[in-house]
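# Structure assessment
Each chain, written out:
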Amino acid sequence: MACTGLGKGYAWCAAFVSWTYAQAGLSAPRNAWSPALFPLARRYTKKEIQQKAFRQADLFAIHSASLGRINHVGIVRKGAGNWIWTVEGNCANRVSSRRRALATIHAFANWLD
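The structure reproduced in this document is the subject of the present report.

What counts and what doesn't
Residues numbered from 1 in each chain as written. Predicted model: local features only at pLDDT ≥ 70, side-chain atom pairs only at ≥ 80, totals over all residues. Heavy atoms only, no water. Helix = DSSP H or I, 4+ residues; strand = E, 2+ residues; numbered from the N terminus. Rg over C-alpha atoms; globule rule 2.2 N^0.38 Å. Buried < 20%, exposed > 50% of the residue type's maximum accessible area, 1.4 Å probe, protein only. Contact = heavy atoms within 4.5 Å. Areas by Shrake-Rupley, 256 points an atom, 1.4 Å probe, with all protein chains shown as cover. Lys, Arg positive; Asp, Glu negative; His and termini not counted. Charge placed at Lys NZ, Arg CZ, Asp CG, Glu CD. Pairing = 2+ DSSP bridges. Axes fitted to C-alpha atoms, helices over the stretch in contact; angles between N-to-C directions.

Here we take up the overall build of the protein chain. Looking only at helices and strands, the protein chain features two helices and five strands. In sequence order, the secondary structure elements of the protein chain are arranged as α-α-β-β-β-β-β. Taken against the 2.2 N^0.38 rule, which gives 13 Å for 113 residues, the C-alpha radius of gyration of the protein chain at 13 Å falls within 12% of a compact globule. Overall, the protein chain is about 40 × 30 × 25 Å in size when its C-alpha atoms are taken along their principal axes. Per-residue burial over the protein chain gives 37% buried out of 113 residues. Across the protein chain, the fraction of contacts at a sequence separation of at least 24, relative to all contacts at a separation of at least 6, is 49%. Taken as a whole, the protein chain presents about 6,500 Å² of accessible surface, with 52% of it coming from carbon and sulfur. Side chains of the protein chain carry 15 positive and 4 negative charges; the gap between the two charge centres is 8 Å.

It is worth spelling out the environment of Ala80 at this point. In this fold, Ala80 is placed in strand β2 (residues 69–80). Among the residues examined, Ala80 registers a relative accessible area of 37% and is labelled partly exposed. Separated by 50 residues in sequence, Ala80 and Arg30 place their C-alpha atoms 29 Å apart.

As a further point, take the sheet that holds strand β4 (residues 94–101). Ordered by their spatial adjacency, five strands build an open sheet running β4-β3-β2-β1-β5, and the pairing between neighbours is antiparallel. Looking at strand neighbours, the two that pair on one side only are β4 and β5 (107–109), the edges of this open sheet. Each strand axis lies, on average, 35° off the axis of its neighbour in the sheet, ignoring direction. Bridge analysis of strand β1 (residues 59–64) against β2 gives six bridges, and the strand direction is antiparallel. If you follow Leu59 over to β2, its bridge partner there is Ile75.

Here β1 folds back onto β2, and the loop between the two strands holds four residues, one of which, Gly68, carries a positive phi near 75°. Turn length for the β2-strand β3 (residues 83–91) hairpin, with the two strands adjacent in sequence and antiparallel, is two residues, and the turn residue Gly81 shows positive phi of about 60°.

Time to look at unusual backbone geometry. Put simply, Ala28 and Pro29 share a cis peptide bond, and its omega is 5°. Topologically, Pro29 is positioned in the loop between α1 (13–23) and α2 (46–50). Backbone geometry places Asn90, a non-glycine residue, at a positive phi of 65°. With respect to the helices, strands and loops of the structure, Asn90 is situated in strand β3. A relative accessible area of 25% means that Asn90 is categorised as partly exposed. The backbone of Asn93 shows a phi angle near 60°, a positive value even though the residue is not glycine.

Structure follows, in structure tokens:
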């Protein structure tokens, strides 16, 4: 959480992404609020997602219908077929690698270029 200027007690998936990018020497993103990591200028279009143009180290978003917004973010490890493999923080309060169906992903963002 320190990477984003916050202390304990907050959801930390976006802070984990920010910390990971910092460890890789990237200056952005640095935000603990997951919706902030998906500005339109950085999002892949629907056509690009259908063409699977997203790549390793891009960000993915999960949308919450009850909240009406993005509520979880993680890092793409790889995509294959209708699946992506991820690295995410704050899943059951730990860092984990998961496999997610592409149909469950709300958005992808490119912070590498």
